[in-house]
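Each chain, letter by letter, is given below.
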Amino acid sequence: MAQTLFVVSAPSGAGKTSLVRAVVRRLNSLTVSISHTTRPQRTGETDGVDYHFIDIPTFEKMVADDLFIECATVFDHSYGTSRQWVEQQLRAGNDVVLEIDWQGAQRIRAQLGATVGIFIFPPSINELRVRLEKRAREDSDTITRRMEEAMNEMRHYREYDYLVVNDDFERAVDDITATITAVRRGKKPAQRPPPTSLLRLL
Ligand code: 5GP
């Protein structure tokens, strides 16, 4: 059976990383890619677990050596997915999840075609703002900018195959798990549609 590359995108604050981790714990033969980034490490993050944190010259050298299957600039920092790691995992019989932004998703789709895209929505715009504010890492200017970036990310939802709403964490984990399981079995997953109040704004 051919392995599948799942591409998961979401606006910052939609809970994508925690959701994907919970899904990967539940399913066999599913691994999540650890991206390389030039973004500074945040408190609580571990190098080699959350990201491979590298400096700009190292990132540029990796781009020049064609070591990334895709890369993009997000919020002023560079992010890239290791080509070798993804290919190794697929060859080893694992399905792979890439947690990347809409630009990376477009590049992966253009290169490989056969990917499955999952887009995760927050329950509402207000809830997204509250979640971004709760992170409290940023000043209000940055939160405003993050909100704009989040809206921009969400405007690309139509480019994805399946939509999931993170209104309740466990339910969203169930939805993503069910989607991946259905795709693996060649079935069409059931979907809960995102709130129309949110879609209307996009
Ligand atoms: P954060 O810095 O908050 O962890 O992530 C910022 C954004 O970068 C998120 O939208 C995340 O999905 C995206 N991102 C993380 N790794 C990659 C990657 O390897 N490639 C691309 N294109 N985007 C990434």
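The rules behind the values
- Residues numbered from 1 in each chain as written.
- Predicted model: local features only at pLDDT ≥ 70, side-chain atom pairs only at ≥ 80, totals over all residues.
- Heavy atoms only, no water.
- 1 Å grid on protein atoms, 1.4 Å probe; cavity = no way out; pocket = protein on both sides within 12 Å on 5 of 7 lines; lining within 4 Å.
- Points joined across faces, edges and corners; volume = space filled by probe spheres on them.
- Helix = DSSP H or I, 4+ residues; strand = E, 2+ residues; numbered from the N terminus.
- Nonpolar A, V, L, I, M, F, W, Y, C, P; charged D, E, K, R; others polar.
- Axes fitted to C-alpha atoms, helices over the stretch in contact; angles between N-to-C directions.
- Parallel < 35°, antiparallel > 145°, perpendicular 65-115°, else oblique.
- Left-handed = near helix turned anticlockwise from the far one by under 90°.
- Contact = heavy atoms within 4.5 Å.
- Pairing = 2+ DSSP bridges.
- Near = heavy atom within 4 Å.
- Polar contact = N/O pair within 3.5 Å; in protein donor to acceptor, adjacent residues only side chain to side chain.
- Areas by Shrake-Rupley, 256 points an atom, 1.4 Å probe, with all protein chains shown as cover.

**Some words on empty space enclosed by the protein**
Okay, step 1: The full count for this structure, using the stated rule, is two cavities of 30 Å³ or more.
Okay, step 2: Lining the largest cavity are L163, V164, V165, D175, T179, A190, Q191 and R192.
Okay, step 3: Of all the secondary structure elements, the ones that give two or more residues to the lining of the largest cavity are β9 (162-165) and α7 (169-184).
Okay, step 4: The dominant element in the lining of the largest cavity, judged by the number of residues it contributes, is β9, at three residues.
Okay, step 5: Its residues assigned to classes, the lining of the largest cavity comprises four nonpolar, two polar and two charged.
Okay, step 6: In this structure, the second largest cavity spans a volume of roughly 30 Å³.
Okay, step 7: V8, V20, V23, V24, V97, I176 and I180 together form the lining of the second largest cavity.
Okay, step 8: When residues of the lining of the second largest cavity are assigned to their parent elements, the largest contribution, three residues, is made by helix α1 (residues 16-26).
Okay, step 9: In terms of residue class, the lining of the second largest cavity is made up of seven nonpolar, no polar and no charged.

**Here we look at the packing of α1 against α7**
Okay, step 1: In the contact formed by α1 and α7, the axes pass within 9 Å of each other and the chain directions differ by 55°. Viewed along their axes, α1 and α7 adopt a mutual orientation that is oblique. Taken as a pair, α1 and α7 cross one another with a handedness that is right-handed. Contacts from S18, L19, A22, V23 and R26 in α1 reach F169, E170, A172, V173, D174, I176, T177 and I180 in α7.

**Considering the sheet that holds strand β3 (residues 36-37)**
Okay, step 1: In space, the four strands of this open sheet follow the order β4-β3-β6-β5, with mixed pairing throughout. A single partner strand is all that each edge strand has here, and the edge strands are β4 (52-53) and β5 (68-74).
Okay, step 2: For β5 and strand β6 (residues 77-82), the ladder comprises six bridges, and the chain directions are antiparallel. Of the residues in β6, the one forming a bridge with C71 is G80.
Okay, step 3: Docked against the sheet, helix α2 (residues 56-64) engages β3, β5 and β6, running at close to 140° with respect to β5.

**Details of the site of the ligand**
Okay, step 1: Within the structure, the ligand sits among 17 residues, and K16, R39, Y51, E70 and Y79 are positioned closest to it.
Okay, step 2: A distance of 2.3 Å separates an oxygen atom of the ligand from a polar atom in the side chain of K16.
Okay, step 3: Interatomic distance of 3.4 Å between a backbone N/O atom of G80 and an oxygen atom of the ligand.
Okay, step 4: If the ligand stood free it would expose 510 Å²; the protein chains cover 92% of that surface.
Okay, step 5: At the level of elements, β5 and β6 are the ones that each hand at least two residues to the shell around the ligand.
Okay, step 6: Taken together, the residues of the shell around the ligand break down into six nonpolar, four polar and seven charged.

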